[in-house]
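Spelled out from the first residue to the last, the chains are:
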Amino acid sequence: MNVPTELKYTESHEWVRSDEDDVVTVGITDYAQQEMTELVYVELPEVGQKFNAKDEIAVVESVKSASDIYAPLSGEVVEINESLAEDAAIVNNSPFDDGWLFKLNLSNPSELDNLMSADAYTAKIS
Amino acid sequence: MDDLRRSPLHDTHIQLGARMVPFAGWEMPVQYEGIIPENRAVRQKLGVFDISHMGELFVSGNSAGSAAGWLDTILTNNVAKLNIGQGQYTLLLNETGGVIDDLIVCRQSDTNYFLVVNASKVEEDVSWMQAKLPASGVTLTNRSAEFAGLAVQGPEAVTAFQTMFGDSAQLPERFCMSTIATDDGDVIICRTGYTGEDGYELFCTAATGPNWWQRCIDAGAAPAGLGARDSLRLEKCYPLNGNDLSPDRTPLEAGLAFAVDLHKPDFIGRETLIRQKTKGLHRRLVAIKQTGKSPSPRAGYLVLSGDKEVGTLSSGGVSPNLRCGISMAYITSGHNKIGTALDVEIRGKRFPAEVVKKPFI
């Protein structure tokens, strides 16, 4: 199972990458995409929407079921991964790179301290 | 999953790395490689499904007509028409014409009939049927626990059959059955399935199930799970009991008139069906296709025409072949014509869809 060490993680299997300033990129982990199986649809928030940490922010759907994705941190959506509208399977094929979901401009960057390290997340899923 | 029953093929599934899920009281494989590739394997080549959870019932009579005569009072199709070796799709109805179960009945011999029923309904079917048995002359035996079942489905099914049973073995015609004696015991072969592809269902002793599974694999079949099976049957608009069939919906509403013989003098539920046929139906099970980019439609979602609620999805999913959302729903008369534009409400938003001709593919 791939768990990149430079990322931070949530209990609900999202990953967070710190970009520049207070902007982060968010996706779901390799473990999550394997558990979900082949994704057929991703429902993303709209740019400009604001969320609190742990709010439902997106939905990923496999052939079998739909799963909520939670905002790992509080902030405003500044970009979404438009390519997923055409091919949700990108999330399966490249969960940490091409399959990112959205970018948040954090309203409370100190929340980053609440996230798990790669080691802690690896321990959780093993 | 402690209280779930296990298939005779359980260890085989685990060895193959299947994802196991609870289904109809059983722990069954939902997928091996993935629902989409398994669906493709069945549509393009060959797949094999474990159907050991399904029920096998045997009805025998003390004379040629007694078993058929009784079955014709509790099933909708015409059992008396079956020659030895022939089978048919049929329904078991309650007193008000609602569906208890849908099943295949095959005439095994002069006086014996073989019934394949849904896993979730075995106990209910048996107790319903026991209560309707005549005082003498007909016996019903539930032998579900004795059998393993495999569904071999796909365009290469005939070739695989000859590989498994030898060139001289005869694959029964569509909807027919035969019993084949082999070195590994007798197996019942029915030329039936739930995928819309050619294929057959093989019933063997539980103990020989893993051997027969391996023979299917060796003959070129890809292991396929319940997820692929559900996507395949939905693409062909085959109803799933518990979703598309229920005790408060009749086979006429479900579009299954081909499996109902209203010319038979009497069978349980007939009165309601005659009345519906005379007065017309209030709703019908239709096929609905999402017309734009949409999340997956799923059972329970509302169907709207403008602001008017006209039905609820009974099954839904994304078709691996059409790559769009497909579903079935009982839709109020007046909104069920092919081409009617409707909306499916998904998590509070409406997504455009239309009624299309069955099957989807």
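What comes next concerns the included structure. As the structure is a computational prediction, the values presented were derived from the model and not from experiment.

About the criteria used
Residues numbered from 1 in each chain as written. Chains lettered and ligands numbered in written order. Predicted model: local features only at pLDDT ≥ 70, side-chain atom pairs only at ≥ 80, totals over all residues. Heavy atoms only, no water. Helix = DSSP H or I, 4+ residues; strand = E, 2+ residues; numbered from the N terminus. Rg over C-alpha atoms; globule rule 2.2 N^0.38 Å. Buried < 20%, exposed > 50% of the residue type's maximum accessible area, 1.4 Å probe, protein only. Areas by Shrake-Rupley, 256 points an atom, 1.4 Å probe, with all protein chains shown as cover. Lys, Arg positive; Asp, Glu negative; His and termini not counted. Charge placed at Lys NZ, Arg CZ, Asp CG, Glu CD. Core = buried A, V, L, I, M, F, W, Y, C linked by side-chain atoms within 4.5 Å. Contact = heavy atoms within 4.5 Å. Pairing = 2+ DSSP bridges. Axes fitted to C-alpha atoms, helices over the stretch in contact; angles between N-to-C directions. Buried area = accessible area lost by both parts, 1.4 Å probe. Salt bridge = Lys/Arg side-chain N within 4 Å of Asp/Glu carboxyl O. Polar contact = N/O pair within 3.5 Å; in protein donor to acceptor, adjacent residues only side chain to side chain. Arc of directions from axis to C-beta. Parallel < 35°, antiparallel > 145°, perpendicular 65-115°, else oblique. Left-handed = near helix turned anticlockwise from the far one by under 90°. Nonpolar A, V, L, I, M, F, W, Y, C, P; charged D, E, K, R; others polar.

### Description of the overall build of chain A
Item 1. In terms of regular secondary structure, chain A is built from three helices and nine strands.
Item 2. In sequence order, the secondary structure elements of chain A are arranged as β-β-β-α-β-β-β-β-β-α-β-α.
Item 3. Relative to the 2.2 N^0.38 estimate, which gives 14 Å for 126 residues, the radius of gyration of chain A is 13 Å and therefore close to what a compact globule would have.
Item 4. Referenced to the eigenvectors of the C-alpha coordinate spread, the extents of chain A come out at roughly 35 × 35 × 20 Å.
Item 5. Of all 126 residues assigned to chain A, the portion counted as buried reaches 52%.
Item 6. Accessible surface, chain A: about 6000 Å² in total, of which carbon and sulfur atoms supply 41%.
Item 7. Put simply, chain A has 7 plus and 26 minus side-chain charges, and the middle of one group is 5 Å from the middle of the other.

### Observations regarding the nonpolar core
Residues and elements named next belong to chain B.
Item 1. Membership of the largest hydrophobic core comes to 42 residues, with the highest contact counts inside it found for Phe49, Leu91, Phe114, Ile188, Phe203 and Leu245.
Item 2. Counting only elements with at least two residues in this core, the list comes to strand S6 (87-93), strand S7 (99-107), strand S8 (112-117), strand S10 (147-153), strand S12 (185-190), helix H7 (226-235), strand S15 (283-290) and strand S18 (325-332).
Item 3. Those residues in contact with Phe49, other than ones at most four positions away along the chain, are Val42, Gly149, Leu150, Ala151, Gln153, Thr195, Trp213, Ala224, Gly225, Ala228, Arg229 and Leu232.

### Remarks on the sheet that holds S7(B)
Residues and elements named next belong to chain B.
Item 1. Judged by pairing direction, the sheet is antiparallel, and its five strands sit side by side in the order S6-S7-S8-S5-S9 without closing on themselves. Pairing within the sheet leaves two strands with one partner each, and these edge strands are S6 and strand S9 (138-142). For this sheet, the mean inter-axis angle between neighbouring strands, taken without regard to orientation, is 25°.
Item 2. Seen against the sheet, helix H3 (residues 64-74) touches strand S5 (55-61), S6, S7, S8 and S9 and runs at an angle of roughly 130° to S5.

### Some points on the interface of chain B and chain A
Item 1. Between chain B and chain A, the residue contacts involve 18 residues of the former and 16 residues of the latter.
Item 2. Counting each side, the surface lost to burial between chain B and chain A is near 1400 Å², with a carbon and sulfur contribution of 48%.
Item 3. Taken together, the links from chain B to chain A amount to four salt bridges.
Item 4. The salt bridge involving Arg347(B) is made with Glu43(A); its shortest N-O contact spans 2.8 Å.
Item 5. Put simply, chain B and chain A have 12 residue pairs in polar contact (both at pLDDT 80 or more) between them.
Item 6. Looking at the side of chain B that touches chain A, the elements that each hand over two or more residues are strand S3 (26-31), helix H2 (35-44), H7 and strand S20 (349-356) of chain B.
Item 7. When residues in the side of chain B that touches chain A are grouped by element, the largest group, three residues, is from H2(B).

### Some words on helix H5 (residues 157-165) of chain B
All names here are of chain B.
Item 1. Buried within H5 we find Ala157, Ala160, Phe161, Met164 and Phe165. Taken end-on, H5 shows its buried residues confined to a sector of 110°, consistent with a single buried face. H5 presents Thr159 and Thr163 as exposed residues on the side facing more than 90 degrees away from its buried surface.
Item 2. Buried residues in H5 make contact with S10, strand S11 (177-182), S12, strand S13 (199-205) and helix H6 (209-218).
Item 3. Backbone geometry just after H5 places Gly166 at a positive phi near 95°.

### Some points on the packing of H2(B) against H7(B)
All names here are of chain B.
Item 1. One way to put it is that H2 packs onto H7 with a least axis distance of 8 Å and a crossing angle of 55°. When the axis of H2 is compared with that of H7, the two are oblique. Handedness of the H2/H7 crossing: right-handed. Here Ile35, Glu38, Asn39, Val42 and Arg43 of H2 lie close against H7, whose contacting residues are Gly227, Ala228, Ser231, Leu232 and Glu235.
Item 2. Each residue belonging to the contact of H2 with H7 can be placed in one class, and the counts come to four nonpolar, three polar and three charged.

### Quick look at the pairing of strand S4 (residues 39-43) of chain A
Residues and elements named next belong to chain A.
Item 1. Of all five residues in S4, five are buried, a share of seventy percent or more.
Item 2. Relative to strand S6 (residues 56-62), S4 is paired through four bridges, and the arrangement is antiparallel. Bridge pairing links Tyr41 to Glu61 in S6.

### Some points on the sheet that holds strand S14 (residues 222-223) of chain B
Residues and elements named next belong to chain B.
Item 1. Taking strand neighbours across the sheet as the criterion, the six strands line up as S11-S12-S13-S10-S4-S14 in an open arrangement whose pairing is mixed. Edge positions in the sheet fall to S11 and S14, since each of these pairs with one other strand and no more.
Item 2. Bridge count for S12 against S13 is three bridges, and the pairing is antiparallel. The partner of Cys190 across the bridge, within S13, is Glu201.
Item 3. Against the sheet, H6 makes contact with strand S4 (47-50), S10, S11, S12, S13 and S14, and its axis sits at roughly 10° relative to S10, the strand it touches most.

### So, the pattern of salt bridges
Residue and element names in this part refer to chain B.
Item 1. Counted according to the given criterion, the structure contains 20 salt bridges over all chains.
Item 2. The closest approach of N and O atoms between Asp110 and Arg107, which form a salt bridge, is 3.1 Å.
Item 3. Here Asp110 falls in the partly exposed class, since its relative accessible area comes to 40%.
Item 4. Residues Asp307 and Arg350 are paired through a salt bridge, measuring 3.0 Å at the closest nitrogen-oxygen approach. Here Asp307 is found in the loop between strand S16 (302-305) and strand S17 (308-318), whereas its partner Arg350 is found in strand S20, with 43 residues between them in sequence.

### Observations regarding unusual backbone geometry
A negative phi holds for most residues other than glycine; trans holds for most peptide bonds.
Residue and element names in this part refer to chain B.
Item 1. The peptide bond linking Lys358 to Pro359 adopts the cis configuration, its omega dihedral lying at -10°.
Item 2. The residue Pro359 is located in the segment after S20 in this model.
Item 3. Here Arg323, not a glycine, exhibits a phi torsion of approximately 55°, which is positive.
Item 4. As for its position among the elements, Arg323 is in the loop between S17 and S18.

### A few points about the environment of Leu285(B)
Residues and elements named next belong to chain B.
Item 1. Here Leu285 shows up in strand S15.
Item 2. Judged by relative accessible area, Leu285 falls into the buried class, the value being 5%.
Item 3. Sequence separation of Leu285 and Asp244 is 41 residues, and the distance between their C-alpha atoms is 7.8 Å.
Item 4. Apart from the residues within four sequence positions on either side, Leu285 is in contact with Asp244, Glu253, Ala254, Ser314, Met328, Ala329, Tyr330 and Lys358.

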